[in-house]
Amino acid sequence: MAQRLENRVAGHEDLHVFNLKERLPEGPLPVETLDLASFLYEGLIVREEAFREAVANYDFSQHEGAHVAVRAPEDALLPPWAVMLVGARLREAGAQRVTFGRVEDARREAHQEAISDIDWDAYADKLIILKADPDGEVPNFAYQAAADRLIGRARKVMFGEPGQATVIWREAQDETPRPGDVKKPDLPSPST
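Criteria and cut-off values
Residues numbered from 1 in each chain as written. Predicted model: local features only at pLDDT ≥ 70, side-chain atom pairs only at ≥ 80, totals over all residues. Heavy atoms only, no water. Helix = DSSP H or I, 4+ residues; strand = E, 2+ residues; numbered from the N terminus. Salt bridge = Lys/Arg side-chain N within 4 Å of Asp/Glu carboxyl O. pLDDT = per-residue confidence, 0-100. Contact = heavy atoms within 4.5 Å. Pairing = 2+ DSSP bridges. Axes fitted to C-alpha atoms, helices over the stretch in contact; angles between N-to-C directions. Parallel < 35°, antiparallel > 145°, perpendicular 65-115°, else oblique. Left-handed = near helix turned anticlockwise from the far one by under 90°. Nonpolar A, V, L, I, M, F, W, Y, C, P; charged D, E, K, R; others polar. Core = buried A, V, L, I, M, F, W, Y, C linked by side-chain atoms within 4.5 Å. Buried < 20%, exposed > 50% of the residue type's maximum accessible area, 1.4 Å probe, protein only.

S.K.: Help me understand unusual backbone geometry, please; the structure alone is not making it clear to me.
M.R.: Among all residues except glycine, the phi angle is most often negative; among peptide bonds, the trans geometry is most common. For glutamate 42, which is not a glycine, the phi torsion comes out positive at approximately 50°. Structurally, glutamate 42 is set in the loop between strand S2 (31-35) and helix H1 (48-57). If you check the backbone angles, aspartate 125 has positive phi at about 60° while not being a glycine. Along the chain, the position of aspartate 125 falls in the loop between helix H3 (103-116) and strand S5 (127-131).

Structure (structure tokens):
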């Protein structure tokens, strides 16, 4: 008589496969760069009148709908008001997001915002598998941010695919078995 195999992974009601790729901006996020060096005296110093004039003459509408990374030379002397002024003009012109920093910083901010918009409490006391992305579009920091929000909420956090997941974290075990938990049999210890 053939023995029937039971797929306990698929039938586990507390198991949720969380596909982070579906929650993040699709594909590599296009980011435009705005270099403030041309707004600065000798590319390094803000002279308020000249800076305001350069901002007034710049066509910010070219960044409408874009994610914009605003950069400046590392040794530039930028007061906070100058950065905020450029950011305000970009937002007025319809930029979707403004980040002061590198293109990677803008992408990270967009991903972090998408992650923070998720209702993580819905995964309380569940077994969660953060689904692996074979295309490599989900950055490592996004997986870490998701795991960070699940740890302490979920019962167990894993990474990979159902049936082949690696345990990342699990809550401390108490003596009370939960429905669906499998108790390991007590086996005699080998004699030496």
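Now that the structure has been shown, the text picks up again.
S.K.: How should I be thinking about the pattern of salt bridges in this particular structure?
M.R.: Close approach of charged atoms allows side chains of opposite charge to pair. Applying the stated criterion across every chain yields a total of 11 salt bridges. The salt bridge involving glutamate 137 is made with lysine 21; its shortest N-O contact spans 3.9 Å. Separated by 116 residues along the polypeptide, glutamate 137 in the loop between S5 and helix H4 (140-150) and lysine 21 in the loop between strand S1 (15-18) and S2 bring together distant segments of the chain. Salt-bridge contacts for arginine 52 lead to glutamate 48; the nearest nitrogen and oxygen are separated by 3.0 Å. Here the residue arginine 52 and the residue glutamate 48 both occupy positions in helix H1, the gap between them amounting to 4 residues, near one helical turn. Among the charged side chains, a salt-bridge network with shared partners connects Lys21, Asp133, Asp135 and Glu137.

S.K.: It is not clear to me how the confidence of the model for the protein chain should be interpreted in this structure. Could you clarify?
M.R.: Any segment with low pLDDT has predicted coordinates that should not be analysed in fine detail. On average, residues of the protein chain score 87 in pLDDT, and 83% of them are at 70 or above. This model gives residues 4-10 a pLDDT under 50, and the stretch forms 4 contacts once residues within four places in sequence are excluded.

S.K.: Help me out: how do you make sense of the pairing of strand S7 (residues 166-170) in this one?
M.R.: Two faces, one strand: in a regular strand the side chains alternate between the faces of the sheet. Pairing of strand S6 (residues 156-160) with S7, which is carried by 4 bridges, proceeds in the antiparallel orientation. Residue phenylalanine 159 lies in a different strand from S7, and its bridge partner there is threonine 166. Counting the residues in the hairpin turn of S6 and S7 gives 5 residues, including glycine 163, whose phi is positive at 90°.

S.K.: What am I meant to see in the side chain of threonine 99 here?
M.R.: Mapped onto the elements of the fold, threonine 99 is located in strand S4 (residues 97-100). Excluding residues within four positions of it along the chain, threonine 99 makes contact with Val68, Ala69, Val70, Asp105, Ala106 and Glu109.

S.K.: Quick question: what am I supposed to make of the packing of H1 against helix H2 (residues 80-92) here?
M.R.: Two measures define how a pair of helices packs: the angle their axes make with one another and the distance between the axes. Interhelical geometry of H1 versus H2 gives an angle of 15° and a closest axis separation of 11 Å. Classed by the angle they form, the pair H1 and H2 counts as roughly parallel. For the pair H1 and H2, the sense of crossing is right-handed. From H1, Glu48, Phe51, Arg52 and Val55 reach across to H2, where they touch Trp81, Ala82, Leu85, Val86 and Arg89. Residues belonging to the contact of H1 with H2 are distributed by class as follows: 6 nonpolar, no polar and 3 charged.

S.K.: Would you mind showing me how to read the sheet that holds S6 here?
M.R.: Neighbouring strands of a sheet are bound in pairs by backbone hydrogen bonds; such pairs are parallel or else antiparallel. Strand order in this open sheet of 4 strands is S1-S5-S6-S7, and the pairing throughout is mixed. Bordering the open sheet on either side are S1 and S7, each of which pairs with just one other strand. Pairs of neighbouring strands in the sheet enclose a mean axial angle of 20°, with direction left out of account.

S.K.: Looking at this structure, I do not really get the nonpolar core. What am I missing?
M.R.: The nonpolar side chains of soluble globular proteins are, as a tendency, buried together. Membership of the largest hydrophobic core comes to 20 residues, with the highest contact counts inside it found for Phe18, Leu20, Trp120, Leu130 and Leu150. Contributions of two or more residues to this core are made by H3, S5 and H4. Here this core takes 7 residues from H4, the largest share from any one element. What phenylalanine 18 contacts, discounting residues up to four positions off in sequence, is Arg23, Ile118, Trp120, Tyr123, Ile128, Ile129, Leu130 and Lys131. Listed in part, the 17 residues of the second largest apolar core include Leu36, Phe60, Val86 and Leu90.

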